[in-house]
Amino acid sequence: MRILRIGDPLFSPWLEEVKTRGESIETQVEDAVREILREVRAKGDRALLEYTMRWDGFDVSSPEDLIISKGEMEVSYSALPSELQDALQEACRRIKAFHEAQKEQSWFLCESGGTILGQKVTPLDKVGVYVPGGRASYPSSLLMNVIPAKVAGVKEVVVCSPTPQGKLNKALLGAGYLAGVDRIYRVGGAQAVAAMAYGTSLIPAVDKIVGPGNVYVATAKRLVFGVVDIDTIAGPSEILILAEDGAPSRYVAADLLSQAEHDALASAILVTPSYPLAQEVAKEVEILLEDLPTAPTARQSLNRYGGVVVCSSLEEGVELVNQIAPEHLEIFTKDPWKVLPLIRHAGAIFLGPYSPEPMGDYIAGPNHVLPTGGRARFSSPLCTKDFLKYSSIISLERETFDALKRQAITLAQWEGLPAHAKSLEVRK
């Protein structure tokens with residue numbers, strides 16, 4: 001891994017490249033995605049069948065062939081090895097418990113004279129979850145997207161996931177069974193997003209689409225936003241580790257590789273005021289890469305978007321963390337809880353040597369759907385609240401209306417809206 005110092009001539013260009021990686025890719029596929037959206041909106045299930053046969057190599061004779069029922073999910077779960085069943089059950093339990101703590105209730109303020117103001121909390125009716133299929137098929141992704149929706153009280157949760165060559169991922173179906181998915185459709189790509197946004201005879205139009213996907217899926221989600229709500233536009237994965245002298249270099253190196261192996265656009269960065277630690281970690285990364293099956297991908301990621309940044313002090317390192325606003329932040333310092341209040345921008349924060357990022361990916365409990373590409377400056381991890389909507393409640397009695405009437409009329413008149421004022425004036 002390259003070692004850079006803040007202020008070096010190469011540092012700023014490298015940091016800019018890290019921040020903007022992947023930005024131009026969406027524009028390259030936008031025309032193709034728009035065409036897919038138009039086709040699905042116009043042809044419905046017929047377009048889904050055509051795209052599924054063309055791109056997934058899955059011969060489909062009727063739309064019903066694309067449905068995976070609850071019964072099929074249960075059978076798949078039963079066929080899983082017991083150790084995998086146990087792991088999925090524990091992940092479900094912890095994810096559910098964490099998101100239960102986020103639940104919100106309707107509330108009301110009762111003022112004198114019988115006036116009631118409040119907020120009504122209502123779950124969304126239908127949510128669609130996109131889960132990648134094929135090589136990048138992750139049961140953990142299904143759990144993290146479905147469980148918060150179910151905890152929020154969403155009535156219907158459907159999943160779209162491609163099955164290349166018609167092959168089913170039993171672990172994915174087992175996760176769907178445990179999480180309470182209503183139906184899974186064997187549809188992927190931008191066409192799945194289009195179907196969930198606009199609806200077809202087979203797939204219902206939903207209120208919100210969540211879940212990760214490739215550039216076609218991400219672009220489709222961006223283009224249908226407004227027709228439906230979406231969670232976020234997910235970018236390449238990233239990890240930033242803030243460490244000081246004494247941090248276990250092998251732990252740090254292993255955690256950097258845990259993200260670098262995702263894809264060539266992933267970013268894995270160590271920030272430290274200790275040059276000796278920087279050297280140790282760079283060496284450990286090379287050692288671990290020798291036996292890593294995903295080394296080719298990890299090397300591409302590290303060579304272009306990875307690095308060890310040596311800062312003058314821990315405080316300068318914290319400033320860089322807040323500037324980058326990483327998806328995942330690990331803090332390896334003598335007292336990480338002292339550093340925590342200084343962190344303003346990060347998707348998920350992992351404190352200490354026994355809180356590695358993969359624990360957050362799978363089983364700790366907090367959601368692993370996190371803001372990427374610096375969006376942690378203004379957005380948050382997926383949570384129960386993302387599947388709720390809020391209605392304001394206003395119930396004024398005559399006494400309160402009379403007390404506020406004149407001031408409301410004044411404001412309406414100043415804004416040049418006489419009908420607003422008249423609505424108040426007619427109530428004598």
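These lines cover the structure that appears in this document, whether it is placed above or below. (Residues numbered from 1 in each chain as written. Predicted model: local features only at pLDDT ≥ 70, side-chain atom pairs only at ≥ 80, totals over all residues. Heavy atoms only, no water.)

1. Focus on the environment of A197
By the secondary structure assignment, A197 is in helix α8 (residues 189-198). A197 sits in the buried class, given a relative accessible area of 5%. For A197 and V228, which are 31 residues apart along the polypeptide, the C-alpha to C-alpha distance reads 6.0 Å. Ignoring any residue separated from it by four or fewer positions in sequence, one finds A197 in contact with A205, I209, V224, V227 and V228. (Helix = DSSP H or I, 4+ residues; strand = E, 2+ residues; numbered from the N terminus. Buried < 20%, exposed > 50% of the residue type's maximum accessible area, 1.4 Å probe, protein only. Contact = heavy atoms within 4.5 Å.)

2. What about helix α12 (residues 295-305)?
Taken as a whole, α12 has its buried residues at A295, A298, S301, L302 and Y305. Each buried residue of α12 sits inside an arc of 140° when the element is viewed along its axis, so together they form one side. For α12, the exposed residues set more than 90 degrees away from the buried face come down to P296 and N303. Residues of α12 that are buried sit in contact with α1 (11-20), α10 (249-260), β11 (267-272), α11 (275-290) and β12 (307-310). (Arc of directions from axis to C-beta.)

3. Remarks on unusual backbone geometry
Phi is positive for Q165, close to 60°, though the residue is something other than glycine. Its place among the elements puts Q165 in the loop between β6 (156-160) and α7 (170-179). A positive phi is found at A325, a non-glycine position, where the angle reads about 50°. If you trace the backbone, A325 turns up in the loop between α13 (314-324) and β13 (328-332). Since its relative accessible area comes to 0%, A325 is described here as buried.

These results come straight from atomic positions and should not be treated as a statement about function.
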